[in-house]
Amino acid sequence: MKVTIVGAGAVGASCAEYVAIKNFASEVVLLDIKEGVAEGKAMDLMQTATLNSFDTKITGSTNDYSKTAGSDVAVITSGIPRKPGMTREELIGINAGIVKEVSSKLIEQSPDVTLIVVSNPMDTMTYLVHKTTNLPKNRIIGMGGALDSARFKYRLSEALECPPSDVDGMVIGGHSDTGMVPLTRLATRNSVPVTAFLSEDRLNQVAEDTKVGGATLTKLLGTSAWYAPGAAVSGLVQAIACDQKKMFPCSALLEGEYGLNDLCIGVPAILGKGGLEKIVEIDLDEAEKNKMKESAEGVKKTNGLLEF
Ligand code: NAI
């Protein structure tokens, strides 16, 4: 199992570390355009191998895509992150060019790869990869919902004053401050709906805190977060690499599912060796359907800024 991560910045390196620690991949290639950075981070990470008990071989490359040949899964984190006060959508100008170039170079070396797009604005970048490459649709997946759901569960656990592991829940919709749809109605604490414990006002507050989860961290850190994003991506990589058939909300190309067409947006999906093997359609109530529709309009507006 060979995994490539393009962009050895904060999220890419964090993802490489989690993949290595989980010890399921034989090889991880970190690639970056900045001279020496990927090699340096790969070496640093390899020096944790005996400390963290993993056998994954991590190597770095400065923009030499031949090193990525034969990758089963490749993660695209290359591009610029947002600074305090910026929206993810504002990154489109620079990141679209980078994502387009990187995805085509990856596919040249690994025609059967499954691509996981992380660079923001992620739903639009995932759509761009669908439109500009000829990979089958199940092999292009956007990561956002897995992270947003982890943030949602954390916020719920705070409100419930319980360990995060007691909580289950999901965020669907666009990966943006206004587009996320946290499914509070369906969230549970050990199978008991959270609505049994928390008032509607408190749940609305949890949903709002979740939606601005990334912005809150960006304000504190001066750049966007990396631990939870890296961990979330590594979960998707593992589900594909180990054929786990695990369900995550992922940005998928919709062709009628949820009444939506011709965009990528977060919906529950099963991941396994076939990449995104199945989109799961759950019954949404009217309010959730409306939020999903509004979210899709937002994503489509950003997609409209793309130049192919
Ligand atoms: P970063 O600035 O730490 O790392 C980005 C790396 O990409 C840099 O090392 C840079 O040299 C490299 N790069 C730029 N152009 C390249 C090219 N053409 N080829 C190869 N490498 C190239 O940024 P960070 O924090 O790692 O974020 C990366 C991206 O991920 C950003 O767009 C950010 O908004 C996004 N992000 C998405 C999340 C999600 O849930 N989808 C969560 C967190 C970040």
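What counts, and at which threshold
- Once a new chain begins, its residue numbering starts again from 1 and follows that chain's sequence as written.
- It should be noted that, the model being predicted, local features are given only for residues of pLDDT at least 70 and side-chain atom pairs only at 80 or more, the latter also being counted only at that level, while totals for whole chains, interfaces and linings use all residues.
- With hydrogens and water set aside, each side-chain value is computed from the structure's full complement of heavy atoms.
- UniProt positions are given in the numbering used here, feature names are shortened, and annotations may be inferred rather than shown by experiment.
- Per-residue accessibility, obtained with a 1.4 Å probe over protein chains only, is compared with the maximum for each type, and a residue is labelled buried under 20%, exposed over 50%, and partly exposed between these values.
- The numbering of helices and of strands both runs from the N terminus, where a helix is a DSSP run of H or I of at least 4 residues and a strand a run of E of at least 2.
- Along the arc lie the directions from the helix axis toward the C-beta atoms.
- If even one non-hydrogen atom of a residue comes within 4 Å of a molecule or strand, that residue is called near it.
- For this analysis, a polar contact is any N or O atom pair within 3.5 Å, provided that within protein one partner can donate a hydrogen and the other can accept it, and provided that sequence-adjacent residues contribute only side-chain to side-chain pairs.
- Where accessible areas are quoted, they stem from the Shrake-Rupley method and a 1.4 Å probe; at the residue level, only the protein chains shown are allowed to cover.
- Grid points spaced at 1 Å and placed over the protein atoms alone form the basis of the search, with a cavity being a set where a 1.4 Å probe fits but cannot get out and a pocket an open set showing protein on both sides within 12 Å along at least five of seven lines. Lining residues have an atom within 4 Å of a point.
- Put plainly, a molecule is in a cavity or pocket when over half of its atoms are within 2 Å of the grid points there.
- Multiplying one less than the number of residues by 1.5 Å gives the expected span of a helix.
- Throughout, a residue-residue contact means that at least one pair of heavy atoms, one from each residue, lies within 4.5 Å.

Under an unreviewed UniProt entry, the name given to the protein is Malate dehydrogenase, and the organism recorded is Autumnicola edwardsiae. For the protein, the Function (unreviewed entry) comment in UniProt is given as "Catalyzes the reversible oxidation of malate to oxaloacetate." Note on the protein: under the UniProt heading Catalytic activity (unreviewed entry), the record states "(S)-malate + NAD(+) = oxaloacetate + NADH + H(+)".

## Here we look at helix α2 (residues 37-46)
When we look at burial in α2, the residues that qualify are Ala 38, Ala 42 and Leu 45. For α2, the arc enclosing every buried residue in end-on projection is 65°, short of the 170-degree limit, so these residues lie on one face. Of the residues in α2, the exposed ones pointing more than 90 degrees away from the buried face are Met 43 and Asp 44.

## Structural notes on unusual backbone geometry
Residues Asn 120 and Pro 121 are joined by a peptide bond in cis, for which omega reads -5°. Locating Pro 121 in the fold gives a position in the loop between β5 (114-117) and α5 (122-132). At Ser 53, a residue that is not glycine, the phi angle is positive and equals roughly 55°. Its identity is not glycine, yet Asn 63 carries a phi of approximately 60°, on the positive side. Among the secondary structure elements, Asn 63 is positioned in the loop between β3 (57-62) and β4 (73-76). Its relative accessible area of 31% is what places Asn 63 among the partly exposed residues.

## As for the site of the ligand
Residues in contact with the ligand amount to 28 residues; listed here are only the nearest, Ala 10, Val 11, Asp 32, Ile 80 and Met 143. One of the side-chain N or O atoms of Asp 32 is found 2.6 Å from an oxygen atom in the ligand. Met 143 places a main-chain nitrogen or oxygen 2.8 Å from a nitrogen atom of the ligand. Computed on the free molecule, the ligand has an accessible area of 860 Å², of which 90% lies beneath the protein chains in the complex. The pocket occupied by the ligand, as judged from atoms lying within 2 Å of grid points, is the largest pocket. For the shell around the ligand, the secondary structure elements donating two or more residues are α1 (10-22) and α4 (92-109).

## Let's talk about α4
Counted at 1.5 Å a residue, the expected span for α4 with its 18 residues is 26 Å, and the 26 Å between its end C-alpha atoms agrees. Looking only at α4, the buried set comprises Ile 92, Asn 95, Ala 96, Val 99, Val 102, Ser 103, Leu 106 and Ile 107. Around the axis of α4, the buried residues are gathered within 150° of arc, so they sit on the same side. Of the residues in α4, the exposed ones pointing more than 90 degrees away from the buried face are Gly 93 and Glu 108. Buried residues belonging to α4 abut β1 (2-6), β4, β5, α5 and α10 (286-303).

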